[in-house]
Amino acid sequence: MTKNYTRDYWESVLSGLKPEGRHFINGAHRGATSGETFTRIRPMDGKPGAQLARGNAADIDAAVASGRAAFESGVWRKKEPLEKKKIMLKWAELIRAHGDELAMLETIDVGKPVMASLGVDVRLCADGIQFYGEMIDKMYDEIAPTGPNARALVRKVPLGVIGAITPWNYPMIIDAWKLGPAIAAGNSVVLKPAEQSSLSAIRLAELAVEAGLPAGVFNVVTGYGEETGKPLALHMDVDMIAFTGSTEVGKLIMGYAAQSNVKRVALELGGKSPLVVFEDADLDAAAVAAAWGCFYNSGETCHASTRLIVQRSVQDKLIEKIEAVTRSDIALKHPLDPSAQIGALIEEEHMNKVLAMIAAGEKEGARRAFGAERVLSETGGYYVSPGVFVDMTNDMSLARQEIFGPVLAAIPFDTEEDALRIANDTIYGLAGAVFTKDMDRAHRFSEEIHAGTVWINTYDMSNFATPFGGFKQSGFGRDRSVHAVDKYCDYKTIWQQFG
């Protein structure tokens with residue numbers, strides 16, 4: 001029976017919600033060793049939200065010890081592949097069964113529309129766990145070529161204890177990107193979610209144990225980055241850190257790995273992705289892609305199409321179309337309104353940072369075409385309307401810095417050579433796109449744009465079969481796809497000599 005997802009329905013879900021805010025270690029909840037807590041402010045209305053355990057190094061020690069004990073015992077990694085697969089598939093089904101609850105936890109934490117939390121974040125989280133669960137009994141070792149008197153077995157073995165540090169913009173989705181392949185490979189995981197978005201991670205851990213995942217295989221420690229993320233990255237008994245977040249913090253993570261035990265590191269970092277539009281393009285399709293590519297999730301997307309590199313002859317026409325799409329299709333409303341397409345920014349401090357970057361860009365000469373202003377202030381929440389700036393050059397701050405807000409920088413070009421130069425003139429290399437009817441040009445550009453993903457005449461299309469990650473200062477290592485499992489494993493050669 002189809003549910004009637006009204007505002008009243010979601011208000012009832014919210015009123016009945018009792019979020020768990022303690023750590024989840026060795027299959028059970030526990031408060032912080034220090035006894036300290038912190039309160040999360042809800043982005044949608046500025047009201048106090050859940051109370052969470054404020055972890056520190058002692059809590060990280062406990063979680064890592066739990067993960068190490070589970071790994072060394074073999075309670076998970078030595079389990080029959082078919083049994084592991086069944087557990088992960090059950091976990092995915094439990095995520096779907098508790099979708100409304102998980103969606104509300106995500107929305108009160110990060111301020112995105114609850115229907116997006118349900119239809120996108122919950123769905124893709126469950127799909128990710130299922131994808132890697134289904135891989136477990138299909139991963140083969142190898143026999144290397146040798147002479148007749150030897151046999152060389154090449155085994156792919158799990159690393160041990162994985163530290164995962166995930167961001168607040170897509171918590172459930174990116175948690176699944178780390179948890180799915182790491183656990184499928186046979187590792188234990190200690191997850192440190194962003195302090196702004198811990199509630200869904202705790203619930204995912206509960207559901208994992210309910211599905212049959214042994215205690216200690218998946219642990220969650222909540223708290224601030226300096227107090228929990230740093231000790232996790234420095235921990236001498238953690239074999240790898242998988243991090244998604246800012247380039248600035250990613251550099252710190254690399255340093256912590258070097259300072260400690262030379263642990264593996266995988267980083268998915270910032271972006272300033274170019275969307276290049278030539279004058280022969282389908283401008284209606286380009287406008288839809290540019291608007292949704294930049295403004296979805298209130299611009300809080302690492303691969304958002306925040307640089308619109310458009311041929312000068314069609315710039316004005318394209319901006320008019322983007323504004324029309326934005327005003328007609330991308331509704332900014334209270335996150336519990338089922339018709340909302342985008343919601344609040346993550347917190348007041350971040351909203352003020354976005355507004356300050358907008359003001360600085362205007363001082364440099366960027367001209368506001370529309371939007372990019374604080375709205376819905378009467379709600380007490382943190383909302384900024386989608387907006388576009390035009391007449392920009394690629395050296396302006398709005399074109400260089402990752403804003404992480406709904407702000408699109410339009411930069412005109414005249415020749416194909418100029419377009420490519422501007423597209424690649426950035427420290428980042430996460431994603432990009434080209435819009436043109438000339439397929440020769442499209443394929444030239446897709447090869448020459450320095451980015452981990454490049455779209456042709458579309459934007460932000462993907463599935464779990466395709467790897468995701470960046471070039472340059474957007475990081476290294478890949479999430480999603482069968483290739484994601486590789487980084488959580490190493491190769492062991494077992495050589496047997498005969499005679």
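Since the structure is predicted, the reported quantities are computational estimates derived from the model, not experimental observations. (Residues numbered from 1 in each chain as written. Predicted model: local features only at pLDDT ≥ 70, side-chain atom pairs only at ≥ 80, totals over all residues. Heavy atoms only, no water.)

S.K.: Mind showing me how you'd approach the pairing of strand β6 (residues 150–158) here?
M.R.: Pairing analysis gives three bridges linking strand β5 (residues 142–144) to β6, with the strands arranged antiparallel. Among the inter-strand pairings, A144 is bridged to a residue of β6, identified as A152. In sequence, β5 turns back onto β6 through a hairpin of five residues. Note: β6 against strand β24 (residues 489–497), nine bridges, orientation antiparallel. Residue pairing for β24: V154 is matched across the bridge by T493. (Pairing = 2+ DSSP bridges. Helix = DSSP H or I, 4+ residues; strand = E, 2+ residues; numbered from the N terminus.)

S.K.: Quick question: what am I supposed to make of the sheet that holds strand β17 (residues 387–390) here?
M.R.: Sheet strands pair by backbone hydrogen bonding; their relative direction is either parallel or antiparallel. Here seven strands make up an open sheet; going across it, the order is β14-β17-β18-β13-β12-β20-β21 and the pairing mixed. Taken across any chain shown, the strands that pair with only one partner, and hence form the sheet edges, are β14 (367–370) and β21 (453–456). Going from strand to strand, the sheet's axes swing by 25° on average, the running direction of each strand aside. Where strand β13 (residues 307–311) lies against strand β18 (residues 407–413), five bridges are found, and the strand directions are parallel. Its bridge partner being in β18, I309 is matched across the sheet by I411. Taken strand by strand, helix α15 (residues 439–448) contacts β12 (274–277), β20 (431–435) and β21, and its axis lies near 170° from that of β21. (Axes fitted to C-alpha atoms, helices over the stretch in contact; angles between N-to-C directions. Contact = heavy atoms within 4.5 Å.)

S.K.: Help me understand the environment of M44, please; the structure alone is not making it clear to me.
M.R.: Along the chain, M44 falls in the loop between β3 (37–41) and β4 (48–53). Judged by relative accessible area, M44 falls into the buried class, the value being 1%. For the pair M44 and E347, spaced 303 residues apart in the sequence, the C-alpha separation amounts to 8.9 Å. Setting aside anything within four residues of it in sequence, one finds M44 in contact with L14, T107, I108, H334, P335, L336, A344, T379, G381 and Y383. (Buried < 20%, exposed > 50% of the residue type's maximum accessible area, 1.4 Å probe, protein only.)

S.K.: What is the right way to look at the packing of aromatic side chains in this model?
M.R.: Aromatic ring pairs are reported here in terms of the distance separating the ring centres and the angle at which the planes meet. Under the definition given, this model contains 12 aromatic pairs. Taking 5.2 Å as the distance between ring centres and 70° as the angle between the ring planes, the aromatic pair formed by Y9 and W10 counts as edge-to-face. For Y9, a relative accessible area of 23% puts it in the partly exposed group. Among the residues examined, W10 registers a relative accessible area of 0% and is labelled buried. A centroid spacing of 5.2 Å and a plane angle of 75° characterise the contact between F278 and F413, whose relative ring orientation is edge-to-face. Of this pair, F278 sits in the loop between β12 and α10 (283–295) while F413 sits in strand β18, placing them 135 residues apart in sequence. Summarising the burial analysis for this pair, F278 and F413 share the class buried. (Phe/Tyr/Trp six-rings, centres within 6.5 Å; stacked < 30°, edge-to-face > 60°.)

S.K.: Please explain the nonpolar core as it appears in this structure.
M.R.: One broad trend across soluble globular proteins is that nonpolar side chains are buried collectively. Counting residues in hydrophobic clusters, the biggest one holds 106 residues, and the most contacted among them are W91, I95, I183, F218, V277, L308 and I322. Each of two domains, domain 1 (8–269 + 475–493) and domain 2 (274–456), supplies a minimum of three residues to this core. The residues contacting I322, other than those within four sequence positions of it, are A287, A290, A291, F295, L308, F370, V388 and L408. Among the nonpolar cores identified, the runner-up in size contains 30 residues, and M357, A399, A409 and A423 belong to it. (Core = buried A, V, L, I, M, F, W, Y, C linked by side-chain atoms within 4.5 Å. Domains from an automatic or database assignment.)

S.K.: Any chance you could explain the packing of helix α4 (residues 99–110) against helix α7 (residues 199–211) here in plain terms?
M.R.: Two numbers describe a pair of packed helices, the interaxial angle and the distance between the axes. For the pair α4 and α7, the least separation of the axes is 8 Å and the interaxial angle reads 155°. Here α4 is positioned roughly antiparallel relative to α7, judged by the angle of their axes. Of α7, the residues touching α4 (which contributes E101, L102, L105, E106, I108 and D109) are L199, S200, R203, L204 and L207. In terms of residue class, the contact of α4 with α7 is built from six nonpolar, one polar and four charged. (Parallel < 35°, antiparallel > 145°, perpendicular 65-115°, else oblique. Nonpolar A, V, L, I, M, F, W, Y, C, P; charged D, E, K, R; others polar.)

S.K.: Help me understand unusual backbone geometry, please; the structure alone is not making it clear to me.
M.R.: A negative phi holds for most residues other than glycine; trans holds for most peptide bonds. In this model, V262 sits at a positive phi of 55°, which is unusual for a non-glycine residue. If you trace the backbone, V262 turns up in the loop between α9 (247–259) and β11 (264–268). Although it is not a glycine, S481 adopts a positive phi angle of roughly 75°. Within the element layout of this structure, S481 appears in the loop between β23 (475–476) and α16 (483–486). The class of S481 is buried, set by a relative accessible area of 1%.

S.K.: Hey, could you run me through the packing of helix α1 (residues 7–15) against α4 in this one?
M.R.: Remark: α1 packs on α4, axes separated minimally by 10 Å, with the N-to-C direction vectors making an angle of 85°. With respect to each other, α1 and α4 are oriented roughly perpendicular. Judged by residue contacts, Y9, W10, V13 and L14 of α1 engage D100, A103, M104 and I108 from α4. Tallied by class, the residues present in the contact of α1 with α4 amount to seven nonpolar, no polar and one charged.

S.K.: Would you mind going over α9 with me for this structure?
M.R.: Helical periodicity: at 3.6 residues per turn, an α-helix aligns residues three or four positions apart in one direction. Compared with the 18 Å implied by 1.5 Å per residue over 13 residues, the 19 Å span of α9 between its first and last C-alpha is a close match. Taken residue by residue, α9 has T247, G250, I253, Y256 and A257 as its buried positions. All buried residues of α9 lie within an arc of 165° about the axis, which places them on one face of the element. Residues E248, K251, A258 and Q259 are exposed on α9 and point more than 90 degrees away from its buried face. (Expected span 1.5 Å × (residues − 1). Arc of directions from axis to C-beta.)

S.K.: I tried to follow the domain arrangement of the chain on my own but got confused; where do I start?
M.R.: Where interface size is quoted, it is often the accessible area lost as the parts come together. One can read the domain layout of the chain as domain 1 (8–269 + 475–493) and domain 2 (274–456). Put simply, the middle of domain 1 and the middle of domain 2, counted by C-alpha atoms, are 31 Å apart. Across the boundary between the two partners, domain 1 contributes 29 residues, which contact 27 residues of domain 2. For the pair domain 1 and domain 2, the two sides together bury roughly 2100 Å², of which 59% comes from carbon and sulfur. The largest per-residue losses of area from domain 1 upon contact with domain 2 belong to M44, P113 and W168, which jointly make up 26% of the total buried on that side. (Buried area = accessible area lost by both parts, 1.4 Å probe.)

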